[in-house]
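The lines below spell out each chain.
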Amino acid sequence: MSSRRDFMGMALGGFTLAGGVGALYAMKRTWDPLPSVKAAGFSTVDLTSCITGEVRIEKWRGKPIFVLKKTADMPEHERDVVVGSDRYHVSIALCTHLGCIPAYKKADKKFFCACHGGEFDTAGTNLPGLPPPSPLEIPPFKIDGTTLVLGEEGPEYLEMKKNNLIA
Ligand code: FES
């Protein structure tokens with residue numbers, strides 16, 4: 001009789017344990033972000049496809065991102081993203097005055113904001129005497145070989161952050 005009760009107890013315990021594990025797994029799946037949400041957290045840019053002197057507009061978390069592969073005659077800047085022998089300017093393409101999207105004027109080598117006349121140089125630095133109060137913001141980034149990963153804080157980004165260069 002007692003062995004039957006033991007068996008029933010063990011069976012019930014096992015059933016409860018399996019149910020508990022199943023419930024925990026279901027809860028974890030509910031709490032975890034969806035794969036599409038995880039993927040939206042970062043974007044990658046193949047830097048080998050950038051053309052020197054031209055700006056590409058990428059997208060990260062719904063924001064436009066400037067990626068400019070700098071020419072040799074553009075001044076070097078501590079905000080440059082250096083990959084091998086190439087230099088890039090990478091910034092969030094939103095004017096730091098009131099958030100318009102500036103346009104890059106290749107002939108002038110400047111970003112112009114049509115809303116109130118703001119200007120930024122090829123390091124994203126705001127030119128003095130104009131409405132934008134600060135440089136174009138640098139998004140979190142990581143360099144992985146020749147790939148720019150937007151949305152992850154790599155050592156180069158952390159160094160810029162430490163030196164107050166990201167905005
Ligand atoms: Fe760019 Fe005002 S929003 S200058």
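Calculation notes
Residues numbered from 1 in each chain as written. Predicted model: local features only at pLDDT ≥ 70, side-chain atom pairs only at ≥ 80, totals over all residues. Helix = DSSP H or I, 4+ residues; strand = E, 2+ residues; numbered from the N terminus. Buried ≥ 20, exposed ≤ 12 C-beta atoms within 10 Å, placed from the backbone. Contact = placed C-beta atoms within 7 Å. Pairing = 2+ DSSP bridges. Core = buried A, V, L, I, M, F, W, Y, C linked by C-beta atoms within 7 Å. Axes fitted to C-alpha atoms, helices over the stretch in contact; angles between N-to-C directions.

Participant: I'm lost on the overall build of the protein in this one. Help?
Facilitator: Regarding its fold elements, the protein presents three helices and 10 strands. Reading the secondary structure of the protein in the N-to-C direction produces α-α-β-β-β-β-β-β-β-β-β-β-α. When the 167 residues of the protein are sorted by exposure, 25% land in the buried category. Within the protein, counting contacts between residues at least 6 apart in sequence, those at least 24 apart form 44% of the total.

Participant: Hey, could you run me through the pairing of strand S5 (residues 86–92) in this one?
Facilitator: In regular strands, side chains alternate between the two faces of the sheet. Within S5, six of the seven residues are buried, which leaves the element mostly enclosed by the surrounding structure. As judged from the five bridges shared by strand S3 (residues 63–69) and S5, these two strands associate in the antiparallel manner. Bridge pairing in S5 links Val 67 to Val 90. In this sheet, S5 lies alongside strand S4 (residues 81–83) in antiparallel orientation, the contact comprising three bridges. Looking at the pairing, Val 82 lines up with Arg 87 of S5. Between the end of S4 and the start of S5, which pair antiparallel, lie two residues, with Gly 84 showing a positive phi angle near 65°.

Participant: I would appreciate a short explanation of the nonpolar core in the present structure.
Facilitator: Nonpolar side chains in soluble globular proteins tend to be buried together. One finds Ile 65, Val 67, Val 90 and Leu 148 to be the most contacted residues of the largest nonpolar core, which totals 23 residues. Of all the secondary-structure elements, those providing two or more residues to this core are S3, S5 and strand S10 (147–150). Per-element tally for this core: the top contributor is S3, with four residues. In this structure, Val 67 is in contact with Val 45, Cys 50, Val 55, Arg 56, Glu 58, Tyr 88, Val 90 and Leu 148, ignoring residues within four places of it in sequence.

Participant: Before we go on, may I ask you to explain the sheet that holds S10 in this structure?
Facilitator: Backbone-to-backbone hydrogen bonds pair the strands of a sheet. The strands run either parallel or antiparallel. If you trace the three strands from one edge of the open sheet to the other, you get S1-S10-S9, paired in antiparallel fashion. Since the sheet does not close on itself, it has two edges, and those belong to strand S1 (43–46) and strand S9 (141–144), each with one partner. Mean inter-strand twist for the sheet, computed between neighbouring axes without regard to direction, equals 25°. As judged from the four bridges shared by S9 and S10, these two strands associate in the antiparallel manner. Of the residues in S10, the one forming a bridge with Asp 144 is Thr 147.

Participant: How should I be thinking about the environment of Lys 110 in this particular structure?
Facilitator: Within the secondary structure layout, Lys 110 lies in strand S7 (residues 110–113). Sequence separation of Lys 110 and Gly 124 is 14 residues, and the distance between their C-alpha atoms is 8.4 Å. Residues in contact with Lys 110, not counting those within four places in the same chain, are Lys 105, Glu 119, Phe 120 and Asp 121.

Participant: Looking at this model, I keep getting lost on the sheet that holds strand S6 (residues 103–105). Mind explaining?
Facilitator: The antiparallel open sheet is built from three strands, whose spatial order is S6-S7-S8. Every other strand in the sheet has two partners, leaving S6 and strand S8 (118–120) as the edge strands with one partner each. Neighbour-to-neighbour, the strand axes of the sheet open up by a mean angle of 30°, direction not taken into account. Here S7 runs beside S8; their pairing, made up of three bridges, is antiparallel. Across the sheet, Cys 113 pairs through a bridge with Gly 118, a residue of S8.

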